[in-house]
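# Residue-level structure breakdown
Residue-level listing of the chains:
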Amino acid sequence: MADLKDFAEQLVNLTVKEVNELADILKEEYGIEPAAAAVAVAESQIANGVAAIMGADCSGVTGAIATNVAIPNGVTMVSPSATSPGLTDLDDNGYFFRTSPSDARGGQILANIATARGLSSVAITYTNNDYGKGLADVFEASFIANGGTVTAVASHEDGKGDYSAEVAVLGAAGGDGLAVIGYLDQGGKGMIEASLDSGAFDTFVLSDGMIGQSLIDAIGSDLEGSFGSLPGTDSAGATKFATVANNGGVDPSGPYTGESYDAAALIVLAAAVGNKNNPNQHIRQAIADNIMNVANAPGTEILPGQLRKALIIIRDGGEINYQGATDVELVGVGEASGSFKEVEVSGGAFITVQ
């Protein structure tokens, strides 16, 4: 297997630094030298002995890698951002987990917020992939169930230079606002820009993938008053993570940043518990068998920046309850139970409403 540094370099930026700083205790106390995680080259990496995969990112890629590569080879995947409801029913044999909640919940939350804010009709645009379609379907059904009207639904492709044609169709149907389910640096941003240019919409309901400071920086004051929701919490762990992230030069408000940190941390901690309890067990199975244990009570609560503390507790025979950046709690088949924040654009930034 590759050394710890090689493994850490494939994790998210913050966890890279912290895991590298733990090389001594991981190697000396646990004998763990996990292999490099990868997504785009998952098949070759698994053939080379990869211990686990932190990812994938989008739902379609995640489902393909899990079904065709990871699960058949007994390799755990922990995705921070694959939120398609379809993954709930994945026949994963206990090898797939995610730290972000399913869109089945996220879509309901977003629709409830739109209704509570007085929108009685909306048009919907979504990025044309599993994430976009799954979340759009749940949002549409939930908004209608709340008594609202969906005037039109249309997908958009990422990477285009002009979205005026898509906006023209949605604008003709009208609505109190446009629900944009996509990515803040891709077609979702383009749909908002084209809507503002044409005057079709000036209020936007934003999915989690649309929420980040870079969207406001790109669009400016015209985004004021728009709103959305995203997984997250203002807990002690979230506050601690914001400090750790800022100190590490990472924007803590970026989509799935906290979930990524938590996914990587769960892999490291599950490997440690498995090695402590059964040193002869293969590291792949040790990770799969112990993620639920380290993610949930009982045990000492572990926050961001406290991986060394967690490893010492494990070494001494204690139990941990990893709370991390997002109040991690895995339920059922390894899904995040999920907390959500309502946010709106005010004063040139996303602020938490509740």
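As a convention, each chain's residues are numbered from 1 in the sequence order in which they are written. Per-residue local features are limited, in this predicted model, to residues with pLDDT of at least 70; the limit for side-chain atom pairs, both in listing and counting, is 80 or more; totals at the level of whole chains, interfaces and linings are taken over all residues. Heavy atoms throughout the structure, all of them, feed into the side-chain values; hydrogens and water do not.

Looking now at the pattern of salt bridges. Salt bridge, as used here, is a side-chain nitrogen of Lys or Arg placed within 4 Å of a carboxyl oxygen of Asp or Glu. For the structure on display, the rule yields eight salt bridges. With a closest N to O distance of 2.8 Å, Glu344 and Arg117 form a salt bridge. Pair noted here: Glu344 is in strand E13 (residues 340-346) and Arg117 is in the loop between helix H6 (103-116) and strand E4 (121-127), with a separation of 227 residues, a long-range link. Residue Glu344 is classed as partly exposed on the basis of its relative accessible area of 21%. Glu166 serves as the salt-bridge partner of Lys160, at 2.6 Å between the closest nitrogen and oxygen. Connected via shared salt-bridge partners are Arg117, Glu342 and Glu344. What counts as a helix is a DSSP run of H or I of at least four residues, what counts as a strand is a run of E of at least two, and both are numbered from the N terminus. Exposed residues in this analysis have more than 50% of their type's maximum accessible area, buried residues have under 20%, and partly exposed residues fall in between, with area computed by a 1.4 Å probe over protein chains only.

Strand pairing follows a simple DSSP-based rule, namely that at least 2 bridges must link the two strands. Taking strand neighbours across the sheet as the criterion, the three strands line up as E1-E2-E3 in an open arrangement whose pairing is parallel. The outermost strands of the open sheet, each flanked by one partner alone, are strand E1 (52-54) and strand E3 (96-98). Each strand of the sheet is rotated relative to its neighbour by a mean of 15°, with strand direction disregarded. In terms of strand pairing, strand E2 (residues 76-79) meets E3 through three bridges, oriented parallel. Angles run from 0 to 180 degrees between N-to-C directions of axes, and those axes are lines fitted to C-alpha atoms, restricted for helices to the stretch in contact.

Okay, the packing of helix H8 (residues 164-173) against helix H9 (residues 187-198) next. Here H8 crosses H9 at 65°, and the two axes come no closer than 9 Å. In this structure, H8 meets H9 at a crossing whose hand is right-handed. Between H8 and H9, the residues in contact are Ser164, Glu166, Val167 and Leu170 and Met191, Ala194, Ser195 and Ser198, respectively. Note on convention: the crossing is left-handed when the near helix lies turned anticlockwise from the far helix by less than a right angle, right-handed when the turn is clockwise. Contact definition: two residues touch when any of their heavy atoms are within 4.5 Å.

Moving on to the nonpolar core. If you look at soluble globular proteins, the nonpolar side chains tend to sit buried side by side. What we call a nonpolar core is a set of buried Ala, Val, Leu, Ile, Met, Phe, Trp, Tyr and Cys residues that are connected through their side-chain atoms within 4.5 Å. One finds Leu266, Leu269, Ile287, Ile291, Ile320, Tyr322 and Leu330 to be the most contacted residues of the largest nonpolar core, which totals 36 residues. For this core, the secondary-structure elements that each account for two or more residues are E1, helix H11 (236-247), helix H12 (257-277), helix H13 (283-295), helix H14 (307-315) and strand E10 (320-322). The dominant element in this core, judged by the number of residues it contributes, is H12, at 11 residues. Ignoring sequence-local partners within four residues, the contact set of Leu266 consists of Thr99, Ile291, Val294, Ala295, Tyr322, Val328 and Leu330. Counting 25 residues, the second-largest nonpolar core is a separate cluster that includes Leu170, Ile192, Ile211 and Ile216.

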